[in-house]
Amino acid sequence: MPYSCRAGVCGSCKAIMLEGSCEYPSNPPLALSAGELAQHAILPCQAVATSDMLLRAREVTSVEDIARRQLSVMVVEKWTLASGVIGLRLVPAPGERRLLRLPGQYLDVVLDDGQHRPFSIANGPQDDGMIELHVRHVNGGEFTSWVDGKLQVGDRLRIEGPLGTFVPREDSERPMIFMAGGTGFAPVKAIVEHFIGLGSRRPIDVYWGARSAADLYLRPLAERWAASTQNVRFHAVISGADVAAGERPGLVHEAVLADHPDLSGHDLYMSGPPPMIDAGHRLFMEAGLPEERLYYDSFDYAPEVLARIITGRAGFTGF
Ligand SMILES: Cc1cc2nc3c(=O)[nH]c(=O)nc-3n(C[C@H](O)[C@H](O)[C@H](O)COP(=O)(O)OP(=O)(O)OC[C@H]3O[C@@H](n4cnc5c(N)ncnc54)[C@H](O)[C@@H]3O)c2cc1C
Ligand code: FES
């Protein structure tokens, strides 16, 4: 089944409970509206069955045969992509096998105390197992502050993966729209490069939004896709005040909707900050996009961190 945050906040795992009952002993199902709860929508990433259940759920069959595992990787490159965004290249440590995965999936970095931190993989599978990450430094964040200040080339990390269902859907001839916010460009890059590599003739519109042009840290790459591939178009969207010629002002989902007021014939992929994902989810469905053709990863904090933040809010005990 599709999933992203594993914390009850993004809604990508939503299913309908046709029979049975469940409860939410950990996080409440914050991603569900009162209307959805009344229609017996549940979030399988948090729900615990209290009886046999019958669910109506979407499946992502392409990821089901790839086993998740842990391995040790070595940092072979660390560089600055933009202010507050660090690029990392990782290879399997000596004696380790490469991670089998699909473009767009993410991994968890496993910290020394067992906590996990999710990061999307910015490149498709490589023969040498190389993994590229784009890490935004979060103020007060334990892991990303350490990456920013202390992590060095030659250091080892423990990772677990592959995770997630934000992967290419090849069973369609529909035009595709990709929408990325900030480092949400990482998995979009992997999936777009996959479709370009396949020689797909489907129209591809890539929208990348950030506060300033300097934050679009791989813009020349996206512009090269558009220049060298007839069916690819790239749109730089700037929400801050300094908007230059060739850039679009405003929020990235607004630019998508201005160009495509009717989304009923598209497949749409989006990844990035939770507010962008929430707005896109709501407004794209209002523009006619069927929910089963909206694929997304919401860049929430790690499930255990969200659980700590959510603790203390009003509890939800279940049906
Ligand atoms: C599927 C997925 C893919 C992702 N991919 C990417 C990616 O490619 N690139 C990227 O940059 N990000 C990505 N993210 C987001 C990334 O995982 C987080 O930014 C990262 O986990 C932050 O880790 P940290 O240890 O630095 O911060 P954390 O230590 O997790 O802290 C996060 C924030 O919460 C605050 N906080 C922590 N504990 C508490 C508490 N008890 N009460 C109140 N506040 C608290 C901290 O001060 C900080 O501001 C992804 C997320 C998901 C779910
Ligand atoms: S709400 Fe279940 S995966 Fe995000």
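Residues numbered from 1 in each chain as written. Chains lettered and ligands numbered in written order. Predicted model: local features only at pLDDT ≥ 70, side-chain atom pairs only at ≥ 80, totals over all residues. Heavy atoms only, no water.

A. Summary view of the UniProt feature "domain: FAD-binding FR-type" (unreviewed entry) in the protein. The UniProt record annotates "domain: FAD-binding FR-type" (unreviewed entry) at residues 68–169. Counting secondary structure, residues 68–169 comes out at 8% helix and 45% strand; the distance between its end C-alpha atoms is 20 Å. (UniProt positions renumbered as here; feature names shortened; annotations may be inferred. Helix = DSSP H or I, 4+ residues; strand = E, 2+ residues; numbered from the N terminus.)

B. Inspection of the pairing of strand S1 (residues 15–19) at higher detail. Note that S1 and strand S3 (residues 41–42) share 2 bridges and pair antiparallel. Bridge pairing in S3 places Ile16 opposite Ala41. Bridging between S1 and strand S5 (residues 54–56) involves 3 bridges; their strand directions are antiparallel. Within S5, the residue paired with Met17 across the bridge is Leu55. (Pairing = 2+ DSSP bridges.)

C. Spatial organisation of the nonpolar core. Grouped together as the largest cluster of nonpolar side chains are 28 residues, with contacts concentrated most on Phe178, Phe185, Val206, Trp208, Tyr217, Trp225 and Tyr269. Those elements that provide at least two residues to this core are strand S6 (69–82), strand S12 (176–181), helix H3 (185–198), strand S13 (204–210), helix H4 (219–228) and strand S14 (232–238). Among the elements that make up this core, the one with the highest residue count is H3 (5 residues). Counting only domains with at least three residues in this core, you end up with domain 2 (63–163) and domain 3 (176–298). Judged by nonpolar contacts, the second largest core, of 20 residues, contains Val75, Val109, Val147 and Leu157. (Core = buried A, V, L, I, M, F, W, Y, C linked by side-chain atoms within 4.5 Å. Buried < 20%, exposed > 50% of the residue type's maximum accessible area, 1.4 Å probe, protein only. Domains from an automatic or database assignment.)

D. Spatial organisation of the packing of helix H5 (residues 252–259) against helix H6 (residues 274–286). One can describe the packing of H5 onto H6 by two numbers: an axis separation of 9 Å at closest approach and a directional angle of 20 degrees. Classified by the angle between their axes, H5 and H6 sit roughly parallel to one another. Two packed elements cross with a definite hand, and for H5 against H6 that hand is right-handed. Here Val252, His253, Val256 and Leu257 of H5 come into contact with H6, specifically with Met276, Ala279, Leu283 and Phe284. Residue classes in the contact of H5 with H6 are distributed as 7 nonpolar, 1 polar and no charged. (Axes fitted to C-alpha atoms, helices over the stretch in contact; angles between N-to-C directions. Parallel < 35°, antiparallel > 145°, perpendicular 65-115°, else oblique. Left-handed = near helix turned anticlockwise from the far one by under 90°. Contact = heavy atoms within 4.5 Å. Nonpolar A, V, L, I, M, F, W, Y, C, P; charged D, E, K, R; others polar.)

E. Just the sheet that holds S6, in detail. Within the open sheet, the 6 strands sit side by side as S9-S8-S11-S6-S7-S10. Their pairing is antiparallel. The open sheet terminates on both sides in strands that have one partner only, identified here as strand S9 (116–120) and strand S10 (131–136). On average, adjacent strands in this sheet sit at an angle of 40 degrees to one another, irrespective of strand direction. Examined bridge by bridge, strand S8 (residues 106–110) and strand S11 (residues 156–163) share 4 bridges and lie antiparallel to one another. Counterpart to Tyr106 in the pairing with S11 is Leu163. Each of S6, strand S7 (85–92), S8, S9, S10 and S11 is contacted by helix H2 (residues 142–149), which is oriented at about 65 degrees to S9, the strand it contacts most.

F. Structural context of the site of ligand 1. Surrounding ligand 1, one finds 23 residues, the nearest of these being Arg117, Pro118, Arg136, Phe143 and Thr144. Contacts to ligand 1 include Arg117, whose side-chain N or O atom sits 2.5 Å from an oxygen atom. A distance of 2.8 Å is found between a nitrogen atom of ligand 1 and a backbone nitrogen or oxygen belonging to His134. Alone, ligand 1 offers 990 Å² of accessible surface; in the complex the protein occludes 83% of this. Residue assignment for the shell around ligand 1 shows that the elements contributing at least two residues are S9, S10, H2 and helix H7 (303–310). Looking at which element gives the most residues to the shell around ligand 1, the answer is S9, with 4 residues. (Near = heavy atom within 4 Å. Polar contact = N/O pair within 3.5 Å; in protein donor to acceptor, adjacent residues only side chain to side chain. Areas by Shrake-Rupley, 256 points an atom, 1.4 Å probe, with all protein chains shown as cover.)

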